[in-house]
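# Structure at a glance
The primary structure of each chain is shown beneath.
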Amino acid sequence: MSTRHLLDYGHRKFAFIGGRKEEWGGKQRLLGYEKAMNDAGIAVRPEWVFHADGGNVFDALRNWLSEGVTGLLNFNEDGVAETLHILSNVLCRRIGADI
């Protein structure tokens, strides 16, 4: 549903941030993201999928922005504040306008 929302608003390059890879809910959300992207004829780029237990969110965000990502699906409840802080205060992006 969230993926479809971004697609409906014209986004074609957006990334997925999930919690831990092993969590059931995160797996289901990722499957939904992949299905919606595939249904829209858009290939899922593995480098645009990030899990909280998989590395540095700053590096992921910086890389995604340099690759033209225009939207994010953030399903990592523990990392939402960090993601918003990095985007707005460190990378100087306007939430809702630039991303």
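In the block above lies the structure referred to throughout.
Residues numbered from 1 in each chain as written. Predicted model: local features only at pLDDT ≥ 70, side-chain atom pairs only at ≥ 80, totals over all residues. Heavy atoms only, no water.

Attention now goes to the side chain of His51. Along the chain, the position of His51 falls in strand β2 (residues 49-51). Here the side chain of His51 touches Gly19 through a polar contact of 3.3 Å, landing on its backbone oxygen. Excluding anything up to four places from it in sequence, His51 contacts Phe16, Gly18, Gly19, Arg20, Lys21 and Leu30. (Helix = DSSP H or I, 4+ residues; strand = E, 2+ residues; numbered from the N terminus. Polar contact = N/O pair within 3.5 Å; in protein donor to acceptor, adjacent residues only side chain to side chain. Contact = heavy atoms within 4.5 Å.)

Counting 15 residues, the largest nonpolar core has Leu61, Trp64, Val69, Leu72 and Leu87 as the members making the most contacts within it. Put simply, the parts of the chain that give this core at least two residues each are β1 (14-18), α3 (57-66) and α4 (80-90). Counting residues per element, this core draws most heavily on α3, at five residues. Filtering out sequence-adjacent residues up to four positions away, Trp64 remains in contact with Ala15, Phe16, Ile17, Glu47, Trp48, Val49, Phe50, Val69 and Leu72. Counting residues in each nonpolar core, the second largest holds ten residues, with Leu7, Phe16, Tyr33 and Met37 among its members. (Core = buried A, V, L, I, M, F, W, Y, C linked by side-chain atoms within 4.5 Å. Buried < 20%, exposed > 50% of the residue type's maximum accessible area, 1.4 Å probe, protein only.)

Moving on to the packing of aromatic side chains. Per the stated rule, a full pass over the model turns up three aromatic pairs. Ring centres of Phe16 and Tyr33 lie 5.4 Å apart, and the angle between their planes is 35°; on these two criteria the pair is classed as tilted. Of this pair, Phe16 sits in strand β1 while Tyr33 sits in helix α2 (residues 24-39), and the two are 17 residues apart along the sequence. Like Phe16, the residue Tyr33 is buried in the burial classification. Here Phe16 and Phe75 contribute two aromatic rings whose centre-to-centre distance is 5.5 Å and whose plane-to-plane angle is 45°, an arrangement assigned as tilted. Placement of Phe16 in strand β1 and of Phe75 in the loop between β3 (71-74) and α4 is noted, with a sequence separation of 59 residues between them. Taken together, the ring pairs in this structure connect Phe14, Phe16, Tyr33 and Phe75 into an aromatic cluster. The ring of Trp48 carries Arg45 above its face, with NZ or CZ at 4.1 Å from the centroid. (Phe/Tyr/Trp six-rings, centres within 6.5 Å; stacked < 30°, edge-to-face > 60°. Lys NZ or Arg CZ within 6 Å of the ring centre and 35° of its normal.)

On to a negative patch on the surface. A cluster of like negative charges, contributed by Glu22, Glu23, Asp53, Glu77 and Asp78, occupies part of the molecular surface. On the secondary structure map, Glu23 appears in the loop between β1 and α2. With relative accessibility at 39%, the residue Glu23 sits in the partly exposed group. (Patch = residues over 30% accessible without salt bridge, like charges linked within 9 Å, V, L, I, M, F, W, Y side chains within 5 Å. Areas by Shrake-Rupley, 256 points an atom, 1.4 Å probe, with all protein chains shown as cover. Salt bridge = Lys/Arg side-chain N within 4 Å of Asp/Glu carboxyl O. Lys, Arg positive; Asp, Glu negative; His and termini not counted. Charge placed at Lys NZ, Arg CZ, Asp CG, Glu CD.)

Here we take up the sheet that holds β3. Spatially, the three strands line up as an open sheet ordered β2-β1-β3, and their pairing is parallel. The open sheet has two free edges, formed respectively by β2 and β3, since each of these has just one partner strand. Sheet twist, expressed as the mean angle between neighbouring strand axes with direction ignored, is 20°. As paired elements, β1 and β3 share four bridges and run parallel to each other. Each bridged residue has a counterpart across the sheet, and for Phe14 the counterpart in β3 is Gly71. (Pairing = 2+ DSSP bridges. Axes fitted to C-alpha atoms, helices over the stretch in contact; angles between N-to-C directions.)

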